[in-house]
Amino acid sequence: MSEKRVTVKRIVADLSVDDPAKVAAFYREVFDLDLLMDFGWVLTLGSGCAASVQLSLAREGGSGAPVPDLSIEVDDLDEVHARVLRIGAEVVYPVTEEPWGVRRFFVRDPAARVLNVLVHI
């Protein structure tokens, strides 16, 4: 292994979707994300807050749930859940307080990806 350490500045989830604008509208409505870049064929959304670089590798989603495609930590789970219900998105795992210290639920986005929306408790 090399002596020099490389620092990862960010990891971006790149999701293949048929209609980037439609899927972006979902993420903007539910998570208040800002549009950072729009080339038509690719849109990048983000938030002004600093996010840590993390990559999770799982064989199951915990508590018998499937492995989600993305995990999104929020500061107000109940507000995000209310938004999901308001727009009629499919909740695929109900709000649950897990034994490892998170409250979470899973929602399917318009591209059929499963999101683990969570808050640490």
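Above this text you will find the structure in question.
None of these values were measured; they are calculated from a predicted model.

Novice: Just checking my understanding: could you explain the sheet that holds strand β5 (residues 102-108) for this structure?
Specialist: The pairing of strands in a sheet happens through backbone hydrogen bonds and is either parallel or antiparallel. The sheet built from 4 strands is open, its strands ordered β3-β6-β5-β4 with mixed pairing. The two strands at the open ends of the sheet, each matched to only one other strand, are β3 (70-73) and β4 (90-97). Here the strands of the sheet are splayed against their neighbours by 20 degrees on average, with no regard to which way each runs. For β3 and strand β6 (residues 114-120), the ladder comprises 4 bridges, and the chain directions are parallel. Bridge pairing in β6 links L70 to L115.

Novice: What should I look at first to understand the pattern of salt bridges in this one?
Specialist: Side chains carrying opposite charge are able to pair once their charged atoms draw close together. According to the stated counting rule, one finds 6 salt bridges in the structure shown. Across the salt bridge formed by R86 and E29, the nearest N and O atoms sit 2.5 Å from each other. Taken together, the positions of R86 in helix α2 (residues 77-87) and E29 in helix α1 (residues 20-31) put the pair 57 residues apart, joining distant regions of the chain. Judged by its relative accessible area of 34%, E29 is partly exposed. Ionic pairing is found between R108 and E90, a salt bridge with its closest N-O pair at 2.9 Å. Note that R108 is positioned in strand β5 and E90 in strand β4, a separation of 18 residues in sequence. According to the relative accessible area criterion, R108 is partly exposed, its value standing at 28%. Among the residues examined, E90 registers a relative accessible area of 42% and is labelled partly exposed. One salt-bridge network, held together by shared partners, links D32, E79 and R83.

Reading the values: the criteria
- Residues numbered from 1 in each chain as written.
- Predicted model: local features only at pLDDT ≥ 70, side-chain atom pairs only at ≥ 80, totals over all residues.
- Heavy atoms only, no water.
- Pairing = 2+ DSSP bridges.
- Helix = DSSP H or I, 4+ residues; strand = E, 2+ residues; numbered from the N terminus.
- Axes fitted to C-alpha atoms, helices over the stretch in contact; angles between N-to-C directions.
- Salt bridge = Lys/Arg side-chain N within 4 Å of Asp/Glu carboxyl O.
- Buried < 20%, exposed > 50% of the residue type's maximum accessible area, 1.4 Å probe, protein only.

Keep in mind these values describe shape, not function.
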